[in-house]
Amino acid sequence: MHKYWIFLTLLVTVVGCKPEQEEIKSAPSNALAFEISELPRTKPLRGKALQQTNQWPEFKSFDNSFARIYEASGREDYALVVEELLEQFEILGASTAPGALESQQISARFNVIRTYLLKVQALLNYRLDSKEATLELIEAYSNAMEQCNILVNNTLDTKTLFDE
C-alpha cells in the first residue's frame, strides 16, 4: 500500500510540474488576414458572351456585386459582400438565362461558385483565415466566365463537324 502512495505522489508531482501552455488569444478584429489588393482579377467576358449577359439583368447584378469583393475594407465589409452575393445568387438561380447561356456546363460552374461562397461565408463567421477560399472563389468565377466565353463565342458548328 505504501508503494501505491509513493507512486501516486510521484505521478501528481510530475503532472503538477508540467509547464503551462500558452493560450492562443484571438482578439476580435475587423481586419482581414490578407490584403484585398493581392487578389487576382477575374477573367472578363468577351464578344457575344458580353452582349448576351447584358440582356440578363440578374447576372449583371451578380457581376457588379462580385466586383465589390475588391472594394471590401475589412472583415465585416467582406462578410456583407459575400452575404449579398449569396442573395444575388438565389435571384440569379431563379431567373432564366438568355438562349446561348442556358447550358448545363454554365449552371454547373455557377454551382461551384455558390459552394465557394458558402465556404468563404463559413470561414468568415468562425473568424478563420479565408484567403485560400477567396482565391478558390475567384478562380471558380473566372472559370465560369471563361466557360461562357467558350460556349457563346465558339463559331464552330458541331453539327457539321460530327456529320462528316
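Residues numbered from 1 in each chain as written. Predicted model: local features only at pLDDT ≥ 70, side-chain atom pairs only at ≥ 80, totals over all residues. Heavy atoms only, no water.

> When you look at the overall build of the protein chain in this model, what are you seeing that I'm missing?
Broken down by element type, the protein chain carries seven helices and zero strands. Across the protein chain, helices and strands are ordered from the amino to the carboxyl terminus as α-α-α-α-α-α-α. Among the 164 residues that make up the protein chain, the fraction classed as buried is 32%. When the accessible surface of the protein chain is summed, it comes to about 11,300 Å², and 54% of that surface belongs to carbon and sulfur atoms. (Helix = DSSP H or I, 4+ residues; strand = E, 2+ residues; numbered from the N terminus. Buried < 20%, exposed > 50% of the residue type's maximum accessible area, 1.4 Å probe, protein only. Areas by Shrake-Rupley, 256 points an atom, 1.4 Å probe, with all protein chains shown as cover.)

> What is the right way to read the side chain of threonine 134 from this model?
In this fold, threonine 134 is placed in helix H6 (residues 131-153). When near neighbours in sequence (up to four residues on either side) are disregarded, threonine 134 contacts Phe34, Leu39, Tyr78 and Val120. (Contact = heavy atoms within 4.5 Å.)

> Help me understand the environment of glycine 47 in this model?
Tracing the backbone through its elements, the reader meets glycine 47 in helix H2 (residues 47-54). By relative accessible area, which is 47% here, glycine 47 ends up partly exposed. Spatially, the C-alpha atom of glycine 47 lies 6.7 Å from that of asparagine 153, the residues being 106 residues apart in sequence.

> Help me understand unusual backbone geometry in this model?
Glycine aside, residues mostly have negative phi angles, and peptide bonds mostly take the trans form. If you check the backbone angles, arginine 127 has positive phi at about 55° while not being a glycine. Position of arginine 127 relative to the elements: it lies in the loop between helix H5 (104-125) and H6. A relative accessible area of 45% means that arginine 127 is categorised as partly exposed.

> What is the right way to look at helix H4 (residues 75-94) in this model?
In an α-helix, one turn spans 3.6 residues, which is why side chains three or four residues apart end up on the same side. Here H4 spans 29 Å end to end across 20 residues, near enough to the 28 Å set by a 1.5 Å rise per residue. Residues of H4 that are buried include every one of Arg75, Tyr78, Ala79, Val81, Val82, Leu85, Leu86, Gln88, Phe89 and Leu92, and no others. Its buried side turned inward, H4 meets helix H3 (57-67), H5 and H6. (Expected span 1.5 Å × (residues − 1).)

> What exactly am I supposed to notice about the pattern of salt bridges here?
All chains considered together, the criterion is met by seven salt bridges. A salt bridge links glutamate 76 to arginine 75, with the shortest nitrogen-to-oxygen separation between them at 2.4 Å. Residue class for glutamate 76 comes out partly exposed when judged on its relative accessible area of 39%. On the basis of relative accessible area, arginine 75 is assigned to the buried category, the value being 9%. What emerges from the salt-bridge pattern is a single network uniting Arg75, Glu76 and Arg127. (Salt bridge = Lys/Arg side-chain N within 4 Å of Asp/Glu carboxyl O.)

Take it as geometry only, folks, not as evidence of what the structure does.
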